[in-house]
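Understanding the architecture of this molecule
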Amino acid sequence: MDRRNFINRLSAGYAGLALSTNYLLADSTIDGGADRGVSVGSHFDLLTKQLLVDWCDGMIKHQINAPDNPGLHGALECPSCTHIHGRCSDAVYPFLHLAKVTGDKKYLDAAIKVYDWAENNVSQPDRSWTNDINPKSWRGTTIFGAIGLAEALHYHGELLDEERRQAWTKRLHEAVESYLYRDFKTIDFTNLNYGMTAVYGFNLFGRLLEEPKYIDRSEQFAKRVKEFFTEPNKLLWGEGKPNDNRSGRGLLPVDLGYNVEESLNGVVLYALEVNDTELLDLMVESLGGHLEFMLPDGAWDNSWGTRSAKWSYWGSRTSDGCQPAFSLLAGHNPAFGTAAIKNAELLRRCTADGLLHGGPHYVSHGVKPCMHHTFAHAKVMALVQDKMHSMPKVDTTTPLPRVTAKGVKHFPEIAVWLAAKGPWRGTVSAYDSIYKTKNQDHIQQPTGGSLAVLYHDKVGLLLASSMARYIQVEPLNQQPNPGDDFPLTTRVETRQDDTWYTNIYDLTAEVNVKEEDQQITFDVAAKMQDEDRNLVPADAAACSLSYKFQDDKVTISAMGPSAESKPSPTTLVVPIVSPSGEEVRQVSPNRIEIDKPEGTVVVECNVSMEIKASEKGRIFNMVPGAEAVPIMVQMSADAATPVSVEISVV
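Model, not experiment: these values are computed from the prediction. (Residues numbered from 1 in each chain as written. Predicted model: local features only at pLDDT ≥ 70, side-chain atom pairs only at ≥ 80, totals over all residues. Heavy atoms only, no water.)

This paragraph deals with the nonpolar core. The biggest cluster of nonpolar side chains holds 206 residues, and the ones touching the most others in it are Met59, Phe205, Phe326, Phe549, Leu572 and Ile647. With ten residues, the single largest contributor to this core is helix H8 (residues 192-209). Discounting chain neighbours no more than four positions away, the residues touching Met59 are Leu76, Ala91, Phe95, Leu355, Met371, Thr374, Phe375 and Ala378. (Core = buried A, V, L, I, M, F, W, Y, C linked by side-chain atoms within 4.5 Å. Buried < 20%, exposed > 50% of the residue type's maximum accessible area, 1.4 Å probe, protein only. Helix = DSSP H or I, 4+ residues; strand = E, 2+ residues; numbered from the N terminus. Contact = heavy atoms within 4.5 Å.)

Printed below as a string of structure tokens:
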């Protein structure tokens with residue numbers, strides 16, 4: 001379609017079609033592959049269309065209109081951050097997609113303006129685009145922007161007038177030739193998400209720009225893909241500094257969020273394009289291993305991941321989304337289709353006022369969303385729409401693995417255990433691979449044998465771990481935590497001379513599991529230590545925890561140091577996930593009730609409990625974007641039995 005025909009469509013009355021029911025019922029745009037059309041009009045089709053419309057309209061509401069100020073004009077203003085995100089031009093692709101399928105000129109205008117803003121503000125002499133406006137900031141994210149621009153030109157370049165289309169194509173070629181081809185020489189030159197995404201990227205660039213050496217680079221990377229998968233569960237490793245760093249337990253760095261929302265997408269898209277059946281078989285196996293961690297509500301349980309600083313319940317803060325890989329391979333495993341839909345439904349529940357929020361309780365706690373989530377995830381919704389006609393059947397007829405799971409599944413390559421008993425799902429982590437950067441110390445995901453996640457089929461999420469201390473590992477890509485920094489991880493802790501000691505800093509905790517007909521029991525032996533790995537003085541570090549899963553309840557028990565060691569007061573902390581608005585009642589010193597829409601959560605203890613006071617009646621943590629009721633249980637060193645907290649649902 002040329003620009004004149006595009007304008008003629010507008011004059012014929014197509015403007016605004018994206019907001020109408022007609023668009024949501026219309027066919028998706030057609031990819032160049034086989035036109036089977038089996039998913040068009042399906043729930044997945046309509047769901048991804050609606051998200052794309054909501055998000056693009058939400059972004060346009062925040063697009064700055066200041067023609068006399070090239071530093072601002074066309075940028076997407078972020079409601080939560082004081083700076084403009086340098087990657088906001090990633091929205092070019094979803095904007096152009098809607099411009100084509102709706103005929104509404106506002107989307108074409110938005111695409112042109114945000115592209116021009118990037119050229120005026122983050123384009124560099126070496127033809128990279130920096131992640132932030134600072135010209136010295138990271139340039140590696142050029143791979144993601146270049147892929148988005150290439151997809152926009154590939155699927156919808158005819159919307160642009162010839163001069164602009166040639167200019168955008170020339171700019172893409174410069175980015176690839178002058179920066180990406182020069183600097184992306186090996187698949188593992190930095191965190192693996194860059195190289196794995198480039199496997200697809202260089203192939204796409206080579207096809208679009210008709211440059212064989214880019215396809216050769218893609219094939220060079222693809223030959224090494226199989227090196228980066230753990231045994232026995234085929235989890236992708238490489239999200240560490242360095243990316244092959246081994247922990248004290250000998251474990252490699254794995255991050256669920258980056259894997260499912262970015263890296264595996266790249267490899268799947270490449271393998272499908274070149275019909276590499278061997279690589280596709282590996283991807284099906286790996287996606288299956290990763291899918292074990294999807295909770296029944298579509299959330300990605302990245303409580304344990306090396307980069308869980310960016311865990312946002314539905315995924316990871318600045319990656320793209322899991323929908324391409326899982327939907328396109330749903331013909332190999334129908335549960336992949338369930339995953340694509342369930343996660344998209346969760347994204348919809350976390351969307352308000354046209355923007356994707358970084359967790360389920362942003363709105364209830366009054367936390368504004370970061371724009372980055374929306375423009376990144378809008379790209380993959382445009383991509384699945386552009387591939388909808390060549391997609392296998394995508395539906396929810398096959399349940400997720402964690403829905404049907406029974407017993408315990410151990411992931412030895414990350415020292416994580418998944419428990420399933422009756423309606424309960426739990427995650428226990430002793431993973432000790434810690435992400436390191438040049439500028440940040442004390443980055444720490446939950447470990448120490450922590451009960452990192454607890455989920456109930458009826459009422460949903462009940463426990464969700466955060467970082468031990470919330471650190472903005474990437475200050476311009478993470479929002480500051482509102483209010484006090486109080487970790488959501490269930491833990492044993494003590495304080496001495498203003499120093500905080502807890503089991504969740506222990507990288508050597510021992511976890512033993514016992515499965516019986518009536519219950520599953522995890523016994524954890526750990527030591528309380530501070531963030532520098534110093535133990536509690538006077539031999540008072542030893543503590544133990546136990547998690548007992550039964551059909552009708554989960555019991556968390558703990559014991560601190562003995563009286564002979566003369567410890568400081570020790571506390572068992574159990575933050576129950578609960579958004580503001582749910583009624584909380586402490587009906588006795590030993591019983592707390594929390595009313596949820598689908599049932600009442602009952603917390604009972606063999607000693608007195610108290611709820612830590614907070615300004616809003618809830619604590620909130622950016623990881624994973626949830627509110628909680630912080631229940632505190634003081635532990636007596638003289639006690640002969642552990643303190644026990646029972647959680648049930650009635």
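Turning our eyes to something else, we now look at the packing of aromatic side chains. In total, this model carries 20 aromatic pairs according to the counting rule given. Ring geometry for Tyr93 and Tyr155: centres 6.2 Å apart, planes at 15°, overall stacked. Here Tyr93 is found in helix H4 (residues 92-102), whereas its partner Tyr155 is found in helix H6 (residues 142-156), with 62 residues between them in sequence. For Tyr93, a relative accessible area of 0% corresponds to the buried category. Take Tyr155: its relative accessible area is 9%, and that puts it in the buried class. When the centroid spacing of 6.0 Å and the interplanar angle of 85° are considered together, the rings of Phe202 and Phe205 count as edge-to-face. (Phe/Tyr/Trp six-rings, centres within 6.5 Å; stacked < 30°, edge-to-face > 60°.)

With 19 residues, helix H10 (residues 256-274) ought to run about 27 Å at 1.5 Å a step, and its terminal C-alpha atoms sit 26 Å apart, in line with that. If you look at H10, its biggest bend is around 40°, right at Leu264. Backbone nitrogen of Gly257 and a side-chain oxygen of the N-cap are separated by 3.3 Å at the start of H10; the cap is Asp255. A positive backbone phi angle near 55° is found at Asn275, which sits one or two residues after H10. (Expected span 1.5 Å × (residues − 1). Bend = angle between axes of the 7 residues up to and from the residue. Polar contact = N/O pair within 3.5 Å; in protein donor to acceptor, adjacent residues only side chain to side chain.)

Oppositely charged side chains can pair when the atoms bearing their charge come close. This model, assessed by the stated rule, comprises 38 salt bridges. A salt bridge links Glu177 to Lys213; the shortest N-O distance between them is 2.8 Å. Highlighted residues: Glu177 in helix H7 (residues 162-183) and Lys213 in helix H9 (residues 212-222), separated in sequence by 36 residues. Lys213 gets classed as partly exposed once you look at its relative accessible area, which sits at 27%. Through salt bridges with shared partners, a single ionic network connects Glu583, Arg585, Arg591, Glu593, Asp595 and Glu604. (Salt bridge = Lys/Arg side-chain N within 4 Å of Asp/Glu carboxyl O.)

This brings us to unusual backbone geometry. Cis geometry is adopted by the peptide bond preceding Pro232, which originates at Glu231 and carries an omega value of 5°. With respect to the helices, strands and loops of the structure, Pro232 is situated in the loop between H9 and H10. Residue Pro624 follows Val623 across a cis peptide bond; omega there is 0°. Tracing the backbone through its elements, the reader meets Pro624 in the loop between strand S19 (619-621) and strand S20 (626-635). Look at His442: it is not a glycine, yet its phi comes out positive at around 70°. Residue placement: His442 occurs in the loop between strand S5 (424-429) and strand S6 (450-456). Although it is not a glycine, Asp498 adopts a positive phi angle of roughly 65°. Within the fold, Asp498 resides in the loop between strand S8 (491-496) and strand S9 (499-502).

A few words now on the side chain of Asn131. The topology assignment puts Asn131 in the loop between helix H5 (105-121) and H6. Residue classification places Asn131 among the buried residues on the basis of a relative accessible area of 6%. Only 3.2 Å separates the side chain of Asn131 from the side chain of Asp132, close enough to count as a polar contact. In this structure Asn131 touches His85, Gly86, Arg87, Ser137, Trp138, Thr141 and Asn477, once residues within four positions along its chain are discounted.

Our next topic: the environment of Ala339. Mapped onto the elements of the fold, Ala339 is located in helix H13 (residues 334-349). Distance in space between the C-alpha atoms of Ala339 and Pro296 is 9.2 Å, their sequence separation being 43 residues. Residue contacts for Ala339: discarding those within four places in its chain leaves Leu291, Met294, Phe326 and Leu400.

Looking now at the packing of H4 against helix H15 (residues 371-386). Contact geometry for H4 and H15: axes closest at 8 Å, N-to-C directions at 40°. The angle between H4 and H15 places the two elements in the oblique class. Seen along the crossing, H4 lies across H15 with a hand that is left-handed. Judged by residue contacts, Tyr93, Pro94 and His97 of H4 engage Ala378, Lys379, Ala382, Leu383, Gln385 and Asp386 from H15. Per-class residue counts for the contact of H4 with H15 are five nonpolar, two polar and two charged. (Axes fitted to C-alpha atoms, helices over the stretch in contact; angles between N-to-C directions. Parallel < 35°, antiparallel > 145°, perpendicular 65-115°, else oblique. Left-handed = near helix turned anticlockwise from the far one by under 90°. Nonpolar A, V, L, I, M, F, W, Y, C, P; charged D, E, K, R; others polar.)

A few words on the sheet that holds strand S7 (residues 460-464). Spatial ordering of the open sheet is given by S3-S4-S5-S6-S7, a layout of five strands whose pairing is antiparallel. Since the sheet does not close on itself, it has two edges, and those belong to strand S3 (407-411) and S7, each with one partner. Recorded for the sheet is a direction-independent mean angle of 15° between the axes of neighbouring strands. Taken together, the four bridges between S6 and S7 define a ladder with antiparallel strand orientation. Residue pairing for S7: Leu454 is matched across the bridge by Leu463. (Pairing = 2+ DSSP bridges.)

This part takes up the pairing of strand S12 (residues 542-550). Pairing geometry for strand S11 (residues 520-527) and S12, over eight bridges, is antiparallel. Looking at S12, one finds that Ala525 is bridged to Ser544. The pairing of S12 with strand S13 (residues 553-559) spans seven bridges and is classified as antiparallel. Bridged to Lys548 within S13 is Thr555. Where S12 hands over to S13, the hairpin turn is made up of two residues, counted between the paired strands.

Moving on, we come to the confidence of the model for the protein. Overall, the predicted model of the protein reaches an average pLDDT of 93, with 94% of residues at or above 70. Segment residues 1-21: pLDDT under 50, and 41 contacts once partners within four positions in sequence are set aside and those in other chains are kept. Across residues 27-37, confidence stays below pLDDT 50; counting only partners more than four residues off in sequence or on other chains, it has 31 contacts. (pLDDT = per-residue confidence, 0-100.)

The subject of this paragraph is the packing of H6 against H7. Look at H6 against H7: their axes get within 10 Å of each other, and the N-to-C directions meet at 150°. When the axis of H6 is compared with that of H7, the two are roughly antiparallel. The interaxial crossing formed by H6 with H7 has left-handed handedness. Residues Thr142, Ile143, Ala146, Leu149, Ala150 and Leu153 of H6 form the contact with H7, whose participating residues are Arg165, Trp168, Thr169, Leu172, Ala175, Tyr179 and Leu180. By residue class, the composition of the contact of H6 with H7 is ten nonpolar, two polar and one charged.

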